Amino acid sequence: MPPSVDISVPSMARTYDYLLGGAHNFAVDRELAVQVERIMPDARSAARVNRAFLGRAVRHMIGQGITQFLDIGSGIPTVANVHEVAQAVDPGCRVVYVDKDPIAVAHSELMLAENDRAAVVHADMRDPRAILDHPETRGLLDFDRPIGLLVLMMLHWVPDEADPWGLMATYREALAPGSHLAITHVTADDQDESLADVTDLIKGSRSADQLNERSHERVLALFGDFELVEPGLVGCAAWRPGGPGDMSQTPAMNMVIYGGVGRKP
């Protein structure tokens, strides 16, 4: 285990891993997840719905000719990671993962040890240049050609004072025309008080990550001048679902996370 990890404080990456059924988490993460599930009993299905969106977004991008991907806030590897989805369609696809969680990075390094078309960068998304200029990023991705940028379940951990809209503008500007951007983001729109209770729970957990739910208008602004593909910014379960497995049986869990994909003109 990386020496910098404090296992007395929950990590949102490890808590999310637990909700997805993963094993790379500690007691403090599981305890937080269990408390979340007491408040929001179908929280696991919201995590699953977001993960299913990832696969659909990647396959859509490949259908548009994208063969290289930058996944910022990739988290701890679980089932259907970006490189697995992409390389199953086109083995030549290249993927760079980025995460600030040292455990997520360590597990990604192990998973990718034999894959010369994928790499992981240990960096914080709030430092775009550290990611965009990293040797691993530049070694695998050609920024003169379209890139698929994925920022899933990440931007709601960035507070307003850190200017997520300015951060996303930097990332968008680095991309060539024809690039695609996928975003998922927690929203309080049309949600009951349980989401506010989860937000308060995380706030009291000592986690360095704090939840910032945003409205449709504010999430939409993260795409800048990118042209959203149909059906636009919607509950991520409603973004081109392929079957019942892409949706939750609890209607609120289909809408608690907005999802959309935009294309750079």
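Presented here is an overview of the structure given in this document. If you're wondering where the values come from, they're calculated on a predicted model, not measured in any experiment.

## Some thoughts on the packing of aromatic side chains
Between two aromatic rings, the relevant description is the distance of the centres plus the angle of the planes.
Inference 1: Counted according to the given criterion, the structure contains 1 aromatic pair.
Inference 2: Between F53 and W239, the ring centres sit 5.4 Å apart and the planes meet at 70°, which makes this aromatic pair edge-to-face. Here F53, found in helix α3 (residues 43-63), pairs with W239, found in the loop between β7 (234-235) and α11 (251-255); they are 186 residues apart in sequence, far enough to count as distant. Each member of the pair, F53 as well as W239, carries the same accessibility label: buried.
Inference 3: Over the aromatic face of Y18 sits the side chain of R44, whose NZ or CZ is 4.8 Å from the ring centroid.
Inference 4: The positively charged end of R138 is found above the aromatic ring belonging to F143, 4.2 Å away from the centroid.

## Re α3
Inference 1: Under the 1.5 Å per step criterion, the end-to-end length of α3 is 31 Å for 21 residues, consistent within 8% with the ideal 30 Å.
Inference 2: Most of α3 sits inside the fold, with 17 of its 21 residues counted as buried.

## Observations regarding the packing of α3 against helix α4 (residues 82-89)
In a packed pair of helices, the relevant descriptors are the angle between the two axes and the axis-to-axis distance.
Inference 1: Where α3 meets α4, the closest approach of the two axes is 10 Å, and the angle between their N-to-C directions is 40°. The angle between the axes of α3 and α4 places the two elements in the oblique class. Handedness of the crossing formed by α3 with α4: right-handed. Between α3, through L54, G55, V58, R59 and I62, and α4, the contact on the second element is made entirely by V82, V85, A86 and V89.
Inference 2: When its residues are assigned to classes, the contact of α3 with α4 shows 7 nonpolar, 1 polar and 1 charged.

## Observations concerning the pairing of strand β1 (residues 68-72)
Inference 1: For β1, the tally of buried residues reaches 5 of 5 residues, placing the bulk of the element in the interior.
Inference 2: In this sheet, strand β2 (residues 94-99) lies alongside β1 in parallel orientation, the contact comprising 5 bridges. Each residue of the ladder has a partner; that of L70, found in β2, is V96.
Inference 3: In the classification by handedness, the crossover that spans β1, the intervening α4 and the parallel β2 is right-handed.
Inference 4: Here β1 pairs with strand β4 (residues 148-152) via 3 bridges, running parallel. By the bridge assignment, F69 is partnered in β4 with G148.

## Examining empty space enclosed by the protein
Inference 1: Enumeration according to the criterion identifies 2 cavities of 30 Å³ or more in this entry.
Inference 2: Taken as a whole, the largest cavity encloses approximately 50 Å³ of empty space.
Inference 3: Every residue lining the largest cavity is listed: R51, L54, D71, S74, G75, P77, N81, V82, Y97, S108 and M111.
Inference 4: Sorting the residues of the lining of the largest cavity by element identifies α3 and α5 (102-111) as the ones contributing at least two each.
Inference 5: Each residue belonging to the lining of the largest cavity can be placed in one class, and the counts come to 5 nonpolar, 4 polar and 2 charged.
Inference 6: Estimated volume of the second largest cavity: approximately 30 Å³.

Thresholds applied
Residues numbered from 1 in each chain as written. Predicted model: local features only at pLDDT ≥ 70, side-chain atom pairs only at ≥ 80, totals over all residues. Heavy atoms only, no water. Phe/Tyr/Trp six-rings, centres within 6.5 Å; stacked < 30°, edge-to-face > 60°. Helix = DSSP H or I, 4+ residues; strand = E, 2+ residues; numbered from the N terminus. Buried < 20%, exposed > 50% of the residue type's maximum accessible area, 1.4 Å probe, protein only. Lys NZ or Arg CZ within 6 Å of the ring centre and 35° of its normal. Expected span 1.5 Å × (residues − 1). Axes fitted to C-alpha atoms, helices over the stretch in contact; angles between N-to-C directions. Parallel < 35°, antiparallel > 145°, perpendicular 65-115°, else oblique. Left-handed = near helix turned anticlockwise from the far one by under 90°. Contact = heavy atoms within 4.5 Å. Nonpolar A, V, L, I, M, F, W, Y, C, P; charged D, E, K, R; others polar. Pairing = 2+ DSSP bridges. Right-handed = clockwise from strand over helix to strand, strands pointing away. 1 Å grid on protein atoms, 1.4 Å probe; cavity = no way out; pocket = protein on both sides within 12 Å on 5 of 7 lines; lining within 4 Å. Points joined across faces, edges and corners; volume = space filled by probe spheres on them.

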